[in-house]
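In case you want the letters, here they are:
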Amino acid sequence: MPGNKSEPSSNSPQDSLSSPQGTTLLRLSHKNHSQWSALSSASFVLISGGMSLAWGAGFAIHSSHRDQLLLTVHMQISWYATATLGALFGAFCTHRLPQQPIYIFGSCLVIASGILFLAWPEYPAVIIAARYLDGLANGLVFVPAMSSAGEIAVSGVRGLLACTVEQLSSNTGIMMQLLYTAVWQVEWNVAIVADQVHGVLSIIFGVVALALALALCVESPVHLLIRANEQRAVVALRHLQRPYMVTSETLLRLDEHKLYVAAYREMEMGGACWRMNLQRGWPPLVKVLAHRLLGSLCLNLVIWSALFETASKLVSHFHAWPYVVFGVLRWCGCFCVLPLMDTTGRKKPTLFGIFSSGAFAFAFATLFGRTPHMISALVVLFSLQFFAGLGLCGSAVYLTEAFPLGIKPHLVAVVYVLELLTRLLFCSFTPSIADITAYFHVLGALSMVFFLLGIFCLPETRLVTLAEAQQKFAKWFNKDF
């Protein structure tokens, strides 16, 4: 039939590999499970990073160092400073060094951080040192993991893999921090204090990350091709699929990666590589950075202060359940949207979540401080966290597929560093009631602006190759859904 003639030509080789007719997401995920295993070490390091983000955002109510966190600049900046240094070093190493040693070193840093929390919880200098180590681990691991996630995954599970490795892991760490903070009671007559619980969890995550890095880490085939090692790239592709053997699918994926790298080499040979890469990288940098910065505004000391002030108006003492609901709903928002990343797509859930977050931010700003409506304000704040988890999930896959290959690690590092600086800015002061109200008005306005611009500017990159995704991101306007 005439209407069907163009259908085969529209399917890329990777589409035929990753999304054949009748293939369910569950079967596809099972077949490509090794691709998650290759990055599972980074996932557990980022879980510890999520705990540290929440700890630094004020969710450490039973920590003996919480007052110093609010008053001491050194305590405030420690994690963010070394995470920034780690990201810069990770950007330099991503295309030059194997990833496995980086993941092993990052895992050991997380273990060392946990040991310091566990062994000397009463000493502020030791806690600062522990946060330095954990920050360095997260910065080192984040850039290579997010640079290679899109290259390791087939297009049919790229969204699921990237969001699981980064967003779900970070939100799991945030939830873990909030859960143990919520159930802990200072008056408990136990030998272990709250900060030691943080240390125990960090040691567990670090040990698991180390074991996974030693046993299951697989290099990105693209990085191996950049280093002119085609034989090892074939071996890596073989380990990234089931069954573990060289098949026609392996060779098709190898050809696709070689074309991807060849385009990068051709630009490099032209002599204007950096200039052309920056021209192509500027539109995606603006889009992804706006998305990620909006996410950083949804978890910081202002958000914690809003939760504390709202909940404390309802009960005489601040009980545990608001922390539990807050953390679980944020995690659930992220978890619920994961299967949609490669079915419905990235754009629709992102815009829906951002629009809903903005609406709830406006609602909270209106209700906050009005004593008869504080229970409504608390429900609205919980809802905002759910939709924040939902709307920000797609930022992970956008981060891994938006940038040109030649400068991808550098732009991933730029986004991560600016996100850290934004978080630090809003975690460095204690807001007043008026500040909280104004903050949520601004958050709502920024969310609505991003929603409106996102309709016309965000691309839909479901089931396309990395090269095609980057071509879409290089355009300022993308109205596809």
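Our structure's up above, just so we're on the same page.
Residues numbered from 1 in each chain as written. Predicted model: local features only at pLDDT ≥ 70, side-chain atom pairs only at ≥ 80, totals over all residues. Heavy atoms only, no water.

The next subject is unusual backbone geometry. Residue Ala 228 is not a glycine yet carries a positive backbone phi of 60°. With a phi close to 60°, Leu 463 is a non-glycine residue in the positive phi region. You can see Leu 463 is positioned in the loop between helix 20 (433-457) and helix 21 (466-473). Overall, the relative accessible area of 22% leaves Leu 463 in the partly exposed class. (Helix = DSSP H or I, 4+ residues; strand = E, 2+ residues; numbered from the N terminus. Buried < 20%, exposed > 50% of the residue type's maximum accessible area, 1.4 Å probe, protein only.)

Looking at where Ala 377 falls in the secondary structure, it is placed in helix 17 (residues 374-392). The exposure class assigned to Ala 377 is buried, which follows from its relative accessible area of 0%. In this view, Ala 377 contacts Thr 310, Phe 364, Leu 367 and Phe 368; residues no more than four positions away in its chain are not counted. (Contact = heavy atoms within 4.5 Å.)

Time to look at the packing of aromatic side chains. This structure, assessed with the given rule, holds 18 aromatic pairs. Plain terms: the ring middles of Phe 360 and Phe 387 are 5.5 Å apart, the flat faces sit at 15° to each other, and that makes the pair stacked. Taken as a pair, Phe 360 in helix 16 (residues 347-367) and Phe 387 in helix 17 lie far apart in primary sequence, 27 residues in all. For Phe 387, a relative accessible area of 16% translates into the label buried. Seen in terms of ring centroids, Phe 364 and Phe 368 are 5.2 Å apart; in terms of plane orientation they differ by 25°. Their pairing is stacked. (Phe/Tyr/Trp six-rings, centres within 6.5 Å; stacked < 30°, edge-to-face > 60°.)

Opposite charge on two side chains lets them pair, provided their charged atoms get close. For the structure on display, the rule yields 9 salt bridges. Here Arg 292 and Glu 166 are joined by a salt bridge, their closest N and O atoms 2.9 Å apart. Highlighted residues: Arg 292 in helix 13 (residues 273-296) and Glu 166 in helix 8 (residues 158-183), separated in sequence by 126 residues. Judged by its relative accessible area of 5%, Glu 166 is buried. (Salt bridge = Lys/Arg side-chain N within 4 Å of Asp/Glu carboxyl O.)

At their nearest, the axes of helix 15 (residues 321-337) and helix 17 sit 7 Å apart, and the two run at 30° to each other. Considering the angle they form, helix 15 stands roughly parallel to helix 17. Here helix 15 runs over helix 17; the crossing is right-handed. Judged by residue contacts, Trp 321, Pro 322, Val 325, Phe 326, Leu 329, Arg 330, Cys 332, Gly 333, Cys 334 and Val 337 of helix 15 engage Leu 378, Phe 382, Gln 385, Phe 386, Ala 388, Gly 389, Leu 390 and Leu 392 from helix 17. For the contact of helix 15 with helix 17, the per-class residue count stands at 14 nonpolar, 3 polar and 1 charged. (Axes fitted to C-alpha atoms, helices over the stretch in contact; angles between N-to-C directions. Parallel < 35°, antiparallel > 145°, perpendicular 65-115°, else oblique. Left-handed = near helix turned anticlockwise from the far one by under 90°. Nonpolar A, V, L, I, M, F, W, Y, C, P; charged D, E, K, R; others polar.)

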